[in-house]
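Letter by letter, the chains look like this.
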Amino acid sequence: MKMVATGFLVGATIVFFIAKYFESVQGIYWASYVRASAEAGMVGALADWFAVTALFRHPLRLPIPHTAIIPRKKDMIGDSLGDFVGENFLSEAVIRDKLERVGVSGVVGTWIGRQENADRVTSELVQAARAAVMVLRDEDVQNVIESVAVRKLMEVPVGPPLGKALEGVLADGAHKRLVDLVCDRAYDWVADNQEMVLRVVHERAPAWTPRFVDDMVADKLFAEIRGYAWNVKTDPEHPLRHAVDRYLAEFAQDLQHDEKTKDRAEQVKRQVIEHPEVQHFIGRAWTVVKGMVLDAADDPSNELRLRVRDGLMAFGRRLGRDAEMAAKVDGWLADAACYVVRHYRSQITTLITETVAKWDANETSRKIELQVGRDLQWIRINGTVVGALAGLVIHAVGEAVF
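Summarised in this report is the structure supplied together with it. Remember, it's a predicted structure, so these values are computed and weren't measured experimentally. (Residues numbered from 1 in each chain as written. Predicted model: local features only at pLDDT ≥ 70, side-chain atom pairs only at ≥ 80, totals over all residues. Heavy atoms only, no water.)

Side note on the packing of aromatic side chains
Line of reasoning, step 1. All chains considered together, the criterion is met by 6 aromatic pairs.
Line of reasoning, step 2. Ring geometry for Phe84 versus Phe89: centroids 5.8 Å apart, planes at 70°, classification edge-to-face.
Line of reasoning, step 3. For Phe84, a relative accessible area of 42% gives the class partly exposed.
Line of reasoning, step 4. In this structure Phe89 comes out as partly exposed when scored by relative accessible area, which is 48%. (Phe/Tyr/Trp six-rings, centres within 6.5 Å; stacked < 30°, edge-to-face > 60°. Buried < 20%, exposed > 50% of the residue type's maximum accessible area, 1.4 Å probe, protein only.)

Here we look at the pattern of salt bridges
Pairing is possible between side chains that carry opposite charge, provided their charged atoms lie close to one another.
Line of reasoning, step 1. What the rule picks out here adds up to 18 salt bridges.
Line of reasoning, step 2. A salt bridge links Asp335 to Arg96; the nearest nitrogen and oxygen atoms lie 3.2 Å apart. In this pair, Asp335 is assigned in helix α17 (residues 323-358) and Arg96 in helix α5 (residues 92-102), connecting sequence segments 239 residues apart.
Line of reasoning, step 3. Glu167 is the salt-bridge partner of Lys164, the closest N and O atoms lying 3.9 Å from each other. Placement of the pair is Lys164 and Glu167 together in helix α9 (residues 159-172), with a separation of 3 residues, close to one helical turn. (Salt bridge = Lys/Arg side-chain N within 4 Å of Asp/Glu carboxyl O. Helix = DSSP H or I, 4+ residues; strand = E, 2+ residues; numbered from the N terminus.)

Side note on the environment of Met1
Line of reasoning, step 1. Tracing the backbone shows Met1 in the segment before α1 (2-24).
Line of reasoning, step 2. Each C-alpha atom of the pair Met1 and Val288 lies 67 Å from the other, and the pair is 287 residues apart in sequence.
Line of reasoning, step 3. What Met1 contacts, discounting residues up to four positions off in sequence, is Arg374, Gln377, Trp378 and Ile381. (Contact = heavy atoms within 4.5 Å.)

Have a look at this one:
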């Protein structure tokens with residue numbers, strides 16, 4: 001493009017000398033119009049060449065003032081670019097408006113709801129987890145678990161949280177299934193141990209009582225016990241069940257407020273944590289987790305990996321169906337983005353300014369010229385053409401007036 005633009009200048013120069021010859025030597029009248037047009041085209045080409053060149057370097061390497069603008073103003077351009085990006089792109093209003101119009105949750109939900117995409121995300125997550133667990137040293141992680149997690153567990157009182165949790169379970173009635181299971185197992189045990197009841201009666205009966213009397217007493221006692229166990233099993237409102245509920249409710253209150261009960265809970269907690277088997281489990285916890293992650297990374301059909309994928313797909317489909325949830329997620333994303341912009345905008349724009357500041361001035365000028373120079377050469381071409389037309393008009397007006 002430089003050669004083309006320079007070719008227009010050379011062409012205008014050739015036409016000028018030819019027209020000047022015909023005008024001065026041959027005395028051809030119309031040649032003056034061509035000469036004036038070519039002369040003005042030369043002036044326009046040279047002026048625009050100077051203007052375009054002055055952006056990137058000193059014309060003819062002469063230190064003319066207000067030339068080589070980009071090399072001299074490189075740092076100022078970087079600062080202005082950073083300010084421009086910060087004010088017009090990294091503003092809370094712009095980001096919030098863009099995220100609201102895009103509807104990130106809907107797009108992500110639709111995309112992640114497809115199995116092939118969920119597989120891809122799962123694979124990336126598993127590989128990232130694999131890289132993380134491979135970097136961490138087993139000894140360091142186990143030391144953290146034992147020294148931090150266990151110590152924190154020992155420091156936190158276990159009674160009040162357990163009492164609060166038990167109180168919530170009782171309020172929801174979630175314990176009734178466990179009570180049902182205990183009652184069922186108790187009845188089954190009684191029904192399957194008639195011989196033991198008979199043996200106990202015979203062992204505890206006086207030696208002087210006849211055998212048949214002992215058998216009658218044992219049968220009667222077994223029938224009463226089994227009947228009572230049956231009533232407890234089948235009657236949800238049985239007094240024994242209510243007694244269990246009252247005991248559990250009192251136990252929940254004691255765990256929260258009774259000092260003796262809380263102390264006993266702490267003793268049990270320490271005994272459990274200090275038990276060799278529990279210590280062994282704590283020591284192997286990281287090894288187990290690491291093994292699960294590595295197995296999931298190596299085996300596409302691993303159950304953990306499939307569960308993660310199914311969870312992602314379910315979450316994506318829910319985002320697509322549940323407008324309220326999608327709106328909440330969009331709001332969270334917008335709030336997070338605005339928080340980043342509000343607190344770290346200067347750091348982001350500083351990245352631009354510092355990067356530009358590190359560039360070499362001449363190299364920066366050359367890169368910019370390579371990007372926009374082709375269009376700038378059209379300015380030179382247009383300057384030649386427009387100058388020629390302007391010169392022709394000016395010469396024609398002058399000849400007409402004078």
